[in-house]
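Each chain, written out:
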Amino acid sequence: MTAEATVAEISVTIGERPAGTAPGEDILLDVRGLQTHFHVMDGTVRAVDGVSFSVPRGGTVGLVGESACGKSVTALTIMRLLDIPPAEIVGGEVWFDGREILALPEEEMRHLRGNDIAMIFQEPLTSLNPVLTVGDQISEQVRLHLKVDKKEGLGRAIESLRTVGIPNPEQRVKQYPHEMSGGMRQRVMIAMALSCEPKLLIADEPTTALDVTIQAQILELLKAVQERTKSALMLITHDLGVVAEMVDEIVVMYAGQIVEQGTAEQVLTRPMDPYTMGLIESLPSVKKRGGRLSAIKGVVPSPFNLPPGCRFAPRCPYVWDACRTTSPELIPVGGHGQRARCLLHTPAGAPRRAAVFDTAASSGTTAGHGA
Amino acid sequence: MTDQATTPTPDTDETPVAAPTPADAPTPIRATPGVLEGEEPSVEALERDWQRDGGEVPSEEPLADPAHGIVEGEALLRVSGLKKHFPVYGGLLRRQVATVYAVDGVDFEVRKGDVFSLVGESGCGKTTLGRTVLRLVEPTAGTVHFGALDVTRLKSSELRRLRSKMQIVFQDPFGSLNPRMPVSDIIGEGLIAQGLTDRKARDRRVGDALEAVGLRRDYTRRYPHEFSGGQRQRIGVARALALEPDFIVLDEPVSALDVSIQSQVLNLLLDLRKDFDLTYLFISHNLSVIEYVSDRVGVMYLGQIVELASSEELYRSPRHPYTLALLSAIPDPDPRRRHKRLVLKGDVPSPVNPPAGCHFHTRCWLREQLGNPEQCVSAEPDLRELMPGHKAKCHFAEQVSGAKAAEFAAEHSTVVPAVVDA
């Protein structure tokens with residue numbers, strides 16, 4: 001396969017499927033070539049710049065990246081929760097449950113939100129209404145979406161609090177958010193998100209504000225309810241440990257683009273993109289004790305001044321001249337669904353490839369120099 | 001936020017200034033209930049304390065270098081019985097209605113050249129402890145010896161001179177730098193406070209400090225907003241470093257940073273320790289970072305150290321049930337290693353009203369496994385030495401093991417209640 005063919009193939013299909021057609025029945029969410037820009041005083045920020053991935057029914061996908069890589073904006077675009085302007089959805093399609101939802105009227109979108117797609121945010125205190133009891137907040141949502149009466153709504157609220165492990169839910173529904181601890185509020189958020197049994201749960205850094213023992217509780221809870229309700233999970237986080245425990249597939253983002261995607265095991269144990277490799281390498285762990293942490297040099301480029309070629313080139317340890325002029329495509333690596341955005345995987349990078357990926361890493365690839 | 005490290009603020013450290021000559025006496029450690037913390041004590045109260053303490057004016061101790069003569073491996077900092085209690089006021093008359101036991105009797109030593117880490121969840125008192133050690137917060141009781149010097153007995157003028165030897169780097173790289181000051185002033189402020197008034201010499205020191213942390217000398221005219229989070233944290237480190245300290249408290253120095261930047265700053269901190277002969281008190285909630293940087297670790301829970309050991313020992317064979325739970329809770333970035341997690345019940349209890357006996361007994365999995373022995377509720381365990389250099393505050397520390405924890409984790413359902421029912 002030549003590089004030209006690969007690139008051509010990618011450009012006709014946005015992501016996996018041709019534009020304008022519904023994905024297969026097994027795909028719940030299909031994001032194709034999504035582009036979200038922000039128009040601000042200093043210019044245009046291409047926050048999400050051609051992002052394509054899909055979430056199977058009941059599947060779990062993690063969106064990973066550092067601050068400002070576009071992972072949260074991707075979620076907010078899917079939920080259509082961005083303020084337009086300054087945001088603008090410039091291009092792409094989002095297929096959810098057989099329908100394209102970017103073009104859906106707001107009325108229908110509102111029905112979809114909460115009913116079929118629910119979202120959990122990082123900071124539960126600011127996402128809950130401080131002047132309503134948690135019972136009122138959950139039952140309000142249940143009544144709106146499931147068209148049940150007040151009593152039934154409250155009953156559902158109590159039931160959902162019980163399923164997320166809150167004891168005495170009959171008493172707790174009468175409490176206000178400020179009367180609860182951080183972990184407890186996040187449980188309320190999860191209860192609320194799950195009260196309408198959504199098909200897709202989007203969790204944006206659900207445990208980042210929590211202590212590690214509370215994080216463990218919430219992750220176990222999310223896993224348990226996800227397994228029970230069979231809803232799909234899209235988890236957004238910067239924590240590689242959290243994704244490793246929670247999801248089957250990983251999408252790594254950098255500067256608005258996907259730089260690598262594959263199964264959790266592929267991405268975390270045999271990363272094929274230098275950025276992912278750098279991220280994993282920079283985690284402090286036992287084996288590096290005493291030695292130096294391998295840090296990624298430099299900082300994330302300014303969104304107003306992105307490098308002309310590969311966006312990671314200025315920080316990449318394997319950079320060569322072509323990287324500074326050619327923008328790499330997200331191309332299949334290894335033939336098992338893993339993709340990476342790096343010139344090393346094109347024929348032009350072939351001579352350098354062996355030096356970068358040691359034999360252990362490359363044994364899983366079909367890139368021409370197998371085990 | 002003002003920079004407490006380089007300019008001691010009057011409301012915390014300089015109470016004796018208000019008093020007449022006798023107030024040159026050391027600041028009394030106010031464990032007496034008559035004087036409430038957080039309020040400016042009256043001149044009379046200070047005089048009374050001073051007379052009660054004997055009214056002796058201490059001899060001018062030479063403050064040149066309290067760490068002088070201490071070689072690598074000897075204790076540079078010795079903390080004993082340190083307590084910090086904050087009063088809670090309430091009611092119509094604003095009487096003290098409760099006490100927050102933020103730091104409640106802590107003993108540890110930091111050896112010269114070591115990285116001693118304090119780890120714990122939010123509200124465990126690790127930050128308050130770090131600040132009390134520097135007397136940015138006045139202790140309620142206990143002593144802190146820096147070399148031969150008892151920091152808790154120092155006058156404010158002596159304390160100010162000591163500040164150049166003991167520095168702090170704060171967590172928030174945005175809140176801890178004055179947005180209206182150029183970098184030269186942010187770093188130079190502490191030098192002025194230490195009496196370096198010569199502009200040229202100061203600029204040189206500022207430039208040297210910037211270079212040491214990997215920033216360019218000519219950044220001195222820039223303002224904090226022109227820097228990224230990682231660079232700001234470097235400026236915070238440069239500010240501490242410019243004073244040529246022996247000892248630095250690093251309060252969550254990398255917690256606000258992205259992973260790739262975090263490793264840059266950690267590398268920098270470890271390099272500086274070697275290059276400048278520094279000793280660190282490293283405070284963090286991140287167990288992987290702690291494991292990477294520390295020589296010795298103290299695990300805190302509700303204002304107390306519950307386990308104290310070398311980093312290797314602590315991570316290899318933890319002996320306190322809480323430490324085990326903390327370690328088990330770290331998400332592992334390797335998807336091939338999936339383990340059944342030991343999940344604690346409920347939240348950390350309030351430090352206003354810590355549980356009787358062992359503070360951890362309300363969430364303790366070992367206690368449950370042992371059939372809820374009475375001892376855990378009736379008696380507070382000591383921080384006992386189990387092996388040389390390894391202490392744990394648990395009646396049943398000998399019974400703690402990874403196998404026991406795994407057994408417990410396997411037996412229990414995954415959805416853990418949010419609150420422990422009494």
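Structure's up top.
Residues numbered from 1 in each chain as written. Chains lettered and ligands numbered in written order. Predicted model: local features only at pLDDT ≥ 70, side-chain atom pairs only at ≥ 80, totals over all residues. Heavy atoms only, no water.

Comments concerning the overall build of chain A
Note the cut-off: We count a stretch as a helix when DSSP gives it H or I for four or more residues in a row; a strand needs E for two or more, and each element gets its number in order from the N terminus. To sort residues, take the accessible area from a 1.4 Å probe on protein chains only and compare it with the maximum for the residue type: under 20% means buried, over 50% means exposed, and anything in between is partly exposed. Only heavy atoms enter the contact rule, under which two residues are in contact if any of them lie within 4.5 Å.
Helices and strands together make up the secondary structure of chain A, namely 14 helices and twelve strands. Put simply, chain A has 371 residues, and 56% of those count as buried. Contacts in chain A between residues at least 24 apart in sequence constitute 62% of all its contacts with a sequence separation of at least 6.

Notes on the sheet that holds strand β2 (residues 43-56) of chain A
Residues and elements named next belong to chain A. Where we set the bar: Any two strands are treated as partners once DSSP identifies two or more bridges connecting them. All axes here are fitted lines through C-alpha atoms, helices being fitted over the stretch that makes contact, and every angle between N-to-C directions spans 0 to 180 degrees.
With antiparallel pairing, the four strands of this open sheet are ordered in space as β2-β1-β4-β5. Looking at strand neighbours, the two that pair on one side only are β2 and β5 (99-100), the edges of this open sheet. As paired strands, strand β1 (residues 27-40) and β2 are joined by eleven bridges and run antiparallel to one another. Bridge assignment links Leu34 to a residue of β2, and that residue is Val51. Packing of helix α2 (residues 71-79) onto the sheet brings it into contact with β1, β2 and β4 (87-96), and relative to β1 it is tilted by some 110 degrees.

Re the nonpolar core
The cut-off we apply is this: Residues belong to one nonpolar core when they are buried, are Ala, Val, Leu, Ile, Met, Phe, Trp, Tyr or Cys, and are joined through side-chain atoms within 4.5 Å.
Within the largest apolar cluster, 76 residues are counted, with the highest numbers of intra-cluster contacts made by Phe282 and Trp365 of chain B. Top contributing element to this core by residue count: helix α8 (residues 259-276) of chain B, with seven residues. With residues up to four places along the chain from it excluded, the contact list for Phe282 of chain B reads Val115, Phe116, Ser117, Leu118, Leu250, Pro253, Leu266, Leu269, Val289, Ile290 and Val293 of chain B. In terms of nonpolar packing, the next biggest core, distinct from the first, is built from 69 residues, Ile214, Val247, Cys323 and Leu344 of chain A among them.

Structural notes on the side chain of Thr220 of chain B
Residue and element names in this part refer to chain B. Mapped onto the fold, Thr220 is located in the loop between α6 (199-212) and α7 (229-241). According to the relative accessible area criterion, Thr220 is buried, its value standing at 17%. Discounting chain neighbours no more than four positions away, the residues touching Thr220 are Pro182, Val183, Ser184, Val206 and Leu210.

A look at unusual backbone geometry
For residues that are not glycine, phi is negative in most cases, and the peptide bond is trans in most cases. All names here are of chain A. In this structure, Pro85 follows Ile84 across a cis peptide bond, with omega equal to -20 degrees. Counting through the fold element by element, Pro85 comes out in the loop between α2 and β4. Cis geometry marks the peptide bond from Pro85 to Pro86; its omega dihedral reads 10 degrees. If you trace the backbone, Pro86 turns up in the loop between α2 and β4.

Looking at the packing of helix α9 (residues 212-229) of chain A against helix α11 (residues 321-329) of chain B
Spelled out, the test is: Roughly parallel covers angles under 35 degrees, roughly antiparallel covers those over 145, roughly perpendicular covers 65 to 115, and oblique covers all other angles. Crossings are classed by handedness, with left-handed meaning an anticlockwise turn of the near helix from the far one by less than a right angle and right-handed meaning a clockwise turn. Ten residue types, Ala, Val, Leu, Ile, Met, Phe, Trp, Tyr, Cys and Pro, are classed as nonpolar, four, Asp, Glu, Lys and Arg, as charged, and the remainder, Gly among them, as polar.
Relative to each other, α9 of chain A and α11 of chain B sit at 55 degrees, their axes nearing to 8 Å. It follows that α9 of chain A is oblique to α11 of chain B by the angle criterion. Pair α9 of chain A / α11 of chain B crosses with left-handed handedness. Listed contacts from α11 of chain B to Val212, Thr213 and Ala216 of chain A of α9 of chain A are Tyr322, Leu326 and Ala329 of chain B. Along the lines of polarity and charge, the residues of the contact of α9 of chain A with α11 of chain B split into five nonpolar, one polar and no charged.

Digging into the interface of chain B and chain A
Put simply, the rule reads: Put simply, buried area is the surface a 1.4 Å probe can reach on two separate parts but cannot reach once they are joined, added for both. Distance and chemistry together define a polar contact, namely a pair of N or O atoms within 3.5 Å, with one atom able to donate a hydrogen and the other to accept it when in protein, and with adjacent residues in sequence counting only for side-chain atoms on both sides.
In this assembly, 49 residues from chain B lie in contact with 53 residues from chain A. Contact between chain B and chain A buries roughly 4,100 Å² in total, counting both sides, with carbon and sulfur atoms accounting for 55%. The interface formed by chain B and chain A holds ten residue pairs in polar contact (both at pLDDT 80 or more) in total. If you list the elements that add at least two residues to the side of chain B that touches chain A, you get α8, α9 (287-293), α10 (311-316) and α11 of chain B. In terms of residues, the side of chain B that touches chain A owes the most to one element, α8 of chain B, which gives nine residues. Across the side of chain B that touches chain A, the residue classes break down as 21 nonpolar, 13 polar and 15 charged.

Digging into the side chain of Thr128 of chain B
All names here are of chain B. Along the chain, the position of Thr128 falls in helix α3 (residues 126-133). Owing to a relative accessible area of 17%, Thr128 belongs among the buried residues under this scheme. Setting aside anything within four residues of it in sequence, one finds Thr128 in contact with Lys84, Phe86, Ala102 and Val103.

Notes on the packing of helix α3 (residues 106-115) of chain A against helix α5 (residues 134-146) of chain A
The angle between the axes and the distance between the axes are what describe a pair of packed helices. Residues and elements named next belong to chain A. Contact pair α3 / α5: the axes reach a minimum separation of 10 Å and the direction vectors enclose 125 degrees. Taken together, the axis directions place α3 and α5 in an arrangement best described as oblique. For the element pair α3 and α5, the recorded crossing hand is left-handed. Within the contact between the two elements, α3 uses Arg110, His111, Arg113, Gly114 and Asn115 and α5 uses Gln141, His145 and Leu146. Within the contact of α3 with α5, the residues separate by chemical class into one nonpolar, five polar and two charged.

Geometric values such as these leave the question of function open.
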